[in-house]
Amino acid sequence: MEIADLLAKHKTIKSFGSEYGIIIHPERYRNDAECINAYSPTLGDLQLAYGSKMKVWLQEQIDLLQTITGVRDKLLAHQVVMLIETFMTNGNMKASMLMNFFHKLISGQYGRFYGSIDIMQIGECWQSYIENCRLIYNDQQKRIKDEKHARFEEERKRQMEKSLENAITFDEFRRIQKERSGVDVPTFNQLLQSIVKTP
C-alpha cells in the first residue's frame, strides 16, 4: 500500500486503528492466506506515515492482548517496548498479518499464558508465525507458477493441434507436388542433378 493512499484513507493513526485492531473486525484476521494477501499497509508503512504514533497503536494492541487473555501480571513498560521492537524488525510485515498473529495468540493456537504474558513465548510464537507465513506464501507462489505453466502447456497443445489440422503427410506433399508440376519429386531431383552435372 502506498503511503499517500494510506494517509488519504486514514489521516491519523486513530482512524487507522478504527479499522485495524484485535477486537475490531476479528473475522478478518482468521484466515492466514487472506491476511497475507490483504491490501494492507506494512508496519514500515505505518512507521513512515505516522511516526512514533504508530508504536502507540501497537502498544494498544498489546494492552488489549493482555486484557483479553486475562493474565494477572501485565508486561512491564520496557518489556512492551522490547515487544514492539521485535515486531518492528519485520517492517515488511502487513498490519493484517500482525492482527492475524494476535488473533492466533488470543484463540490459544500457540498455547496458554499462565498468570503473565511471557515475552520470550511471544517472541517464539512470532518466529513460528513468520515461518508459517513464509510457507503459505511459497505454497501460493508455487501454485500460481504451476497454474501458469499448465495454462501455457494447454495453449501450446491447442496451437499444436490447430497447426496439425492443416498438416499433410510427406506422401501427400509429394503427390501434390507431382500434380502441380507434372513431375514427381524424385524425377525432378534426378533431372535437376543431371542439369547441374552437365558442363
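Residues numbered from 1 in each chain as written. Predicted model: local features only at pLDDT ≥ 70, side-chain atom pairs only at ≥ 80, totals over all residues. Heavy atoms only, no water.

Concerning helix α5 (residues 53-69)
Reasoning step 1: End to end, α5 covers 25 Å across 17 residues, agreeing with the expected 24 Å (1.5 Å per residue, within 8%).
Reasoning step 2: Buried within α5 are the following residues: Met-54, Trp-57, Leu-58, Gln-61, Ile-62, Leu-65 and Gln-66.
Reasoning step 3: Its buried side turned inward, α5 meets α2 (13-17), α4 (43-50), α6 (77-88), α7 (95-106) and α8 (119-165).
Reasoning step 4: The positive-phi residue at the C-terminal boundary of α5 is Gly-70, with phi of around 70 degrees. (Helix = DSSP H or I, 4+ residues; strand = E, 2+ residues; numbered from the N terminus. Expected span 1.5 Å × (residues − 1). Buried < 20%, exposed > 50% of the residue type's maximum accessible area, 1.4 Å probe, protein only. Contact = heavy atoms within 4.5 Å.)

Examining the packing of α7 against α8
Reasoning step 1: Two elements in contact, α7 and α8, have axes whose closest approach is 11 Å; the angle formed by their N-to-C orientations is 125 degrees. When the axes of α7 and α8 are compared, the pair comes out oblique. For α7 against α8, the interelement crossing comes out right-handed. Facing Met-97, Leu-98, Asn-100, Phe-101, Lys-104 and Leu-105 of α7, the residues of α8 in contact are Ile-122, Cys-125, Trp-126, Tyr-129 and Cys-133. (Axes fitted to C-alpha atoms, helices over the stretch in contact; angles between N-to-C directions. Parallel < 35°, antiparallel > 145°, perpendicular 65-115°, else oblique. Left-handed = near helix turned anticlockwise from the far one by under 90°.)

Focus on the packing of α4 against α5
Reasoning step 1: Axis separation between α4 and α5 bottoms out at 7 Å; the angle between their running directions is 130 degrees. Classified by the interaxial angle, the pair formed by α4 and α5 is oblique. Taken together, the residues of α5 that come into contact with α4 (itself represented by Leu-43, Leu-46, Gln-47 and Tyr-50) are Lys-53, Met-54, Lys-55 and Trp-57.
Reasoning step 2: Tallied by class, residues from the contact of α4 with α5 come to five nonpolar, one polar and two charged. (Nonpolar A, V, L, I, M, F, W, Y, C, P; charged D, E, K, R; others polar.)

Digging into a nonpolar patch on the surface
Reasoning step 1: Residues Ile-168, Phe-170 and Phe-173 make up a contiguous nonpolar surface patch of roughly 310 Å² in combined accessible area.
Reasoning step 2: Relative to the assigned elements, Phe-170 resides in helix α9 (residues 170-181). (Patch = residues over 30% accessible without salt bridge, like charges linked within 9 Å, V, L, I, M, F, W, Y side chains within 5 Å. Areas by Shrake-Rupley, 256 points an atom, 1.4 Å probe, with all protein chains shown as cover. Salt bridge = Lys/Arg side-chain N within 4 Å of Asp/Glu carboxyl O.)

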